[in-house]
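Summary of the model geometry
Listed here are the chains, written in short residue letters.
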Amino acid sequence: MSIVIYHNPACGTSRNTLALIRNAGIEPTVIEYLKTPPDRATLRAVIARMGVAVREALREKGTPYAELGLADPKWSDDELIDFMLQHPILINRPIVVTPLGARLCRPSEAVLDLLPADQKAAFAKEDGEVVIDTQGRRVR
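Residues numbered from 1 in each chain as written. Predicted model: local features only at pLDDT ≥ 70, side-chain atom pairs only at ≥ 80, totals over all residues. Heavy atoms only, no water.

Comments concerning the pattern of salt bridges
Note the threshold: What makes a salt bridge here is a side-chain nitrogen of Lys or Arg within 4 Å of a carboxyl oxygen of Asp or Glu, nothing more. Numbering of helices and strands starts at the N terminus; helices are DSSP runs of H or I of at least 4 residues and strands are runs of E of at least 2. Think of it in three bands: with a 1.4 Å probe and only protein chains considered, a residue is buried below 20% of the maximum accessible area for its type, exposed above 50%, and partly exposed in between.
Under the definition given, this model contains 10 salt bridges. In this structure, the salt-bridge partner of Asp82 is Arg40, at a minimum N-O distance of 2.0 Å. Of this pair, Asp82 sits in helix H3 (residues 77-86) while Arg40 sits in helix H2 (residues 40-50); the two residues are 42 residues apart in sequence, bridging distant segments of the chain. For Arg40, a relative accessible area of 32% corresponds to the partly exposed category. For Glu129, the salt bridge goes to Lys125, with nearest N and O atoms at 3.5 Å. Residue Lys125 is classed as buried on the basis of its relative accessible area of 12%. Each member of the salt-bridge network shares a partner with another, and the members are Arg103, Asp113 and Arg138.

The following block contains the structure:
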């Protein structure tokens, strides 16, 4: 089973998402997209698989989004992709791709809808919020 996470290890949401995948007994392919950004075709394919507009895959916080004027509707999808390829930090994360679909996993527990296996143990996010109980069931 092929599961891919576009991951930023400096991001708590991304770390929690990866931990939830592993809590299901799955070792995904981890792509640290800031070190190894996807190529144009892959980025387009992942965004299309998520079923969102290119603009919805942009990250604003902690990026050059404002400085580049990306809120301006004048930018085409191709131009926005160009910006994401030049500045991978603009790609929102974490994005998880599984045989069941692809999505931006914010909040991290959104990944649970994409996993083909149940959670194996209790799980709490880094901030202490319990997501999975001791029976492996989603808390909320």
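Digging into unusual backbone geometry
Going from Arg93 to Pro94, the amide bond is cis rather than trans, its omega being 0°. Examined against the element boundaries, Pro94 turns out to sit in the loop between H3 and strand S3 (95-98). Here Arg106 and Pro107 are connected by a cis peptide whose omega angle stands at 5°. Residue placement: Pro107 occurs in the loop between strand S4 (101-104) and strand S5 (123-124).

Topic: the packing of aromatic side chains
Inclusion rule: Stacked, edge-to-face and tilted are the three classes for Phe, Tyr and Trp ring pairs, Trp counted by its six-membered ring, which pair at centre distances within 6.5 Å; planes under 30 degrees apart are stacked, over 60 edge-to-face, the rest tilted.
Taken as a whole and assessed by the stated rule, the structure comprises one aromatic pair. Both rings, one in Trp75 and one in Phe83, keep their centres 4.9 Å apart while their planes meet at 85°; by these two values the pair is edge-to-face.

Thoughts on H3
Keep this limit in mind: Think of the arc as the fan of directions from the helix axis to the C-beta atoms. Contact between two residues is taken to exist if any of their heavy atoms lie within 4.5 Å; hydrogens are not considered.
Those residues of H3 that fall on the buried side of the exposure criterion are Leu80, Ile81, Phe83 and Met84. For H3, the angular spread of the buried residues around the axis is 155°, confining them to a single face. Close packing links the buried residues of H3 with H2.

Considering the pairing of strand S1 (residues 4-7)
Counted only if it meets this: A pair of strands is labelled paired if DSSP reports no fewer than 2 bridges between them. If the strands point away from the viewer and the path from the first strand over the helix to the second runs clockwise, then the crossover is right-handed.
Residue alternation in S1 divides its side chains into two sets, Val4 and Tyr6 and Ile5 and His7, and both sets are buried. With four bridges connecting them, S1 and strand S2 (residues 29-32) associate as parallel partners. Bridge assignment links His7 to a residue of S2, and that residue is Glu32. Taken together, S1, helix H1 (residues 12-23) and S2 constitute a β-α-β crossover, and its handedness is right-handed.

Quick word on the nonpolar core
When a protein is soluble and globular, its nonpolar side chains tend to lie buried together. Keep this limit in mind: Nonpolar cores were defined as sets of buried Ala, Val, Leu, Ile, Met, Phe, Trp, Tyr and Cys residues, with membership established by side-chain atoms within 4.5 Å.
Counting residues in each nonpolar core, the largest one holds 23 residues, and the members touching the most others are Tyr6, Leu70 and Met84. Secondary structure elements with two or more residues in this core: S1, H2, H3 and S3. For Leu70, the residues in contact, after removing those within four places along its chain, are Arg55, Leu58, Tyr65, Trp75, Leu80, Phe83 and Leu90. Of all hydrophobic cores here, the second largest spans 17 residues; its members include Ala24, Ala110, Leu115 and Val131.

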